[in-house]
Amino acid sequence: MDSATSDRSALRATADNGLKIAIVGGFGVGKTTMVRSVSEIRPLNTEETMTSAGEAVDHLDGIHSKTATTVAFDFGRITLDERSVLYLFGAPGQERFWFLWDRLFSGALGAVVLVDTRRLADSWYAIDRLEHHGAPFIVACNDFGGPLHTEQQIREALALSDDVPLVECDARDRSSSKYVLITLVEYLHTLSRRRLAAESSADADPSAVPPETAPDMTPEPTS
């Protein structure tokens, strides 16, 4: 870990606006590494050494060198300004810990789905759960030196719509991980502007309101 990330000052007394982002994905895609690389404090993590007891449930295809795994969640922090702080929650990737994800999604502005392009199918569940919750997300392909895929191939494999940002990254690199988070924040800002524009349009043009929610304009009978 970069030593610069472990010796930062304490949280400012003026900080009163906490913003939450979840980092999710399959087993061994680099979630803990991303939180560790970008956090301004020494991250809280719940990594435990993998033992033979987990061999039957933790599939190590393509990640045979992995020796530790997250059993709850990772937590990091980035100070944005005097008042706003970004909190990062890295979700565990093993299927037996997926029940924790719904709690981690609660209150989150959005999420990063971290992907290993050698094992794209491992990311399906993360995308499915986020879509189920209606949570905005972007997809970041972590560089493991696997086979090259075009953007269109990845979108098709993940059934990803064209408006969802898809970026490449190296979770070990602080600047690369920051770029991923910036991309998510910019996407959230774009979605917010679209929503506000749609609401303003509906207010200005009552005909834009869906029929089932449009006000009843039928004149009342006169006496």
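Model, not experiment: these values are computed from the prediction. (Residues numbered from 1 in each chain as written. Predicted model: local features only at pLDDT ≥ 70, side-chain atom pairs only at ≥ 80, totals over all residues. Heavy atoms only, no water.)

Participant: Would you mind showing me how to read the environment of Leu130 here?
Facilitator: Here Leu130 is to be found in helix H3 (residues 124–133). Each C-alpha atom, one on Leu130 and one on Phe105, is 8.0 Å from the other, the two residues being 25 residues apart in sequence. With residues near it in sequence (within four places) discarded, Leu130 still touches Val24, Phe105, Ala111, Val113, Ala135 and Phe137. (Helix = DSSP H or I, 4+ residues; strand = E, 2+ residues; numbered from the N terminus. Contact = heavy atoms within 4.5 Å.)

Participant: It is not clear to me how the sheet that holds strand S7 (residues 137–142) should be interpreted in this structure. Could you clarify?
Facilitator: Strand pairing in a sheet relies on backbone hydrogen bonds, with the paired strands running either antiparallel or parallel. Reading across from one edge, S4-S5-S1-S6-S7-S8 is the order of the six strands in this open sheet, with mixed pairing throughout. Two strands bound the open sheet, and with one partner strand each, they are strand S4 (74–79) and strand S8 (166–169). Adjacent strand axes in the sheet meet at a mean angle of 25 degrees, parallel and antiparallel pairs treated alike. Summarising the sheet, S4 and strand S5 (residues 84–90) pair through six bridges and their orientation is antiparallel. Directly across from Thr79, in S5, lies its bridge partner Val85. This element, helix H1 (residues 31–38), spans strand S1 (17–25), S4, S5, strand S6 (110–116) and S8 of the sheet and lies at about 30 degrees to S4. Here helix H4 (residues 151–158) sits on the sheet in contact with S6, S7 and S8, set at roughly 110 degrees to S8. (Pairing = 2+ DSSP bridges. Axes fitted to C-alpha atoms, helices over the stretch in contact; angles between N-to-C directions.)

Participant: What exactly am I supposed to notice about the pairing of S6 here?
Facilitator: Regular strands place their side chains on alternate faces of the sheet. Burial analysis of S6 places seven of its seven residues in the buried class, the great majority of the element. A two-sided burial pattern is seen for S6, the buried positions comprising Gly110, Val112, Leu114 and Asp116 on one face and Ala111, Val113 and Val115 on the other. Bridge count for S6 against S7 is six bridges, and the pairing is parallel. Across the sheet, residue Leu114 finds its bridge partner in S7, namely Ala140. (Buried < 20%, exposed > 50% of the residue type's maximum accessible area, 1.4 Å probe, protein only.)

Participant: Explain the confidence of the model for the protein chain here, please?
Facilitator: If pLDDT is low for a region, its predicted coordinates should not be looked at in detail. Put simply, the protein chain has an average pLDDT of 78, and 72% of its residues get 70 or more. Below pLDDT 50 for its whole length, residues 1–7 participates in 13 contacts with residues either more than four positions away or in separate chains. Across residues 63–71, where pLDDT falls below 50, the model places 30 contacts with residues more than four positions away in sequence or in other chains. (pLDDT = per-residue confidence, 0-100.)

Participant: I keep staring at the packing of aromatic side chains and nothing clicks. Help me out?
Facilitator: Where two aromatic rings form a pair, the distance of their centres and the angle of their planes describe that pair. In total, this model carries two aromatic pairs according to the counting rule given. Members of the aromatic cluster, joined through ring pairs, are Phe75, Tyr87 and Phe89. The ring of Phe89 has Lys20 lying over it, and the distance from NZ or CZ to the ring centre is 4.9 Å. (Phe/Tyr/Trp six-rings, centres within 6.5 Å; stacked < 30°, edge-to-face > 60°. Lys NZ or Arg CZ within 6 Å of the ring centre and 35° of its normal.)

Participant: I would appreciate a short explanation of the packing of H1 against helix H5 (residues 174–204) in the present structure.
Facilitator: Angle between the axes and distance between the axes are the two parameters that describe a pair of packed helices. Here H1 crosses H5 at 100 degrees, and the two axes come no closer than 8 Å. With respect to each other, H1 and H5 are oriented roughly perpendicular. On H5, the residues touching Met34, Ser37 and Val38 of H1 are Arg174, Ser177, Lys178, Val180 and Leu181. In the contact of H1 with H5, the residues fall into four nonpolar, two polar and two charged. (Parallel < 35°, antiparallel > 145°, perpendicular 65-115°, else oblique. Nonpolar A, V, L, I, M, F, W, Y, C, P; charged D, E, K, R; others polar.)

Participant: Is there a simple way to think about H1 in this case?
Facilitator: Counted residue by residue, H1 has six buried out of eight residues, so it is predominantly covered. Lys31, Thr32, Met34, Val35, Ser37 and Val38 are the residues of H1 that are buried.

Participant: Can you help me understand unusual backbone geometry in this one?
Facilitator: The phi torsion of most residues other than glycine is negative, and most of the peptide bonds are trans. Even without glycine at this site, Ala159 takes up a positive phi of about 50 degrees. By the element assignment, Ala159 lies in the loop between H4 and S8. Classification of Ala159 as exposed rests on a relative accessible area of 65%.

Participant: How should H4 be read in this particular structure?
Facilitator: When H4 is considered as a whole, its buried residues turn out to be Ile154, Arg155 and Leu158. Each buried residue of H4 lies within a common arc of 100 degrees when the element is viewed along its axis, so the set occupies one face. Packed against the buried residues of H4 are S6, H3, S7 and S8. (Arc of directions from axis to C-beta.)

Participant: Explanation requested: the pattern of salt bridges in the structure shown.
Facilitator: Side-chain pairs of opposite charge can arise where the charged atoms are in close proximity. The tally for this structure, following the rule as stated, stands at six salt bridges. Two residues, Arg77 and Glu40, come together in a salt bridge whose shortest N-O distance is 2.9 Å. Of this pair, Arg77 sits in strand S4 while Glu40 sits in the loop between H1 and strand S2 (47–49), and the two are 37 residues apart along the sequence. Residues Arg77 and Glu40 agree in their burial class; the two are buried. In this structure, Asp116 and Arg119 form a salt bridge, with 3.2 Å as the shortest nitrogen-oxygen distance. In this structure, Asp116 and Arg119 share a single accessibility class: buried. When salt bridges with common partners are traced through the structure, they connect Asp116, Arg118, Arg119 and Asp122 into a single cluster. (Salt bridge = Lys/Arg side-chain N within 4 Å of Asp/Glu carboxyl O.)

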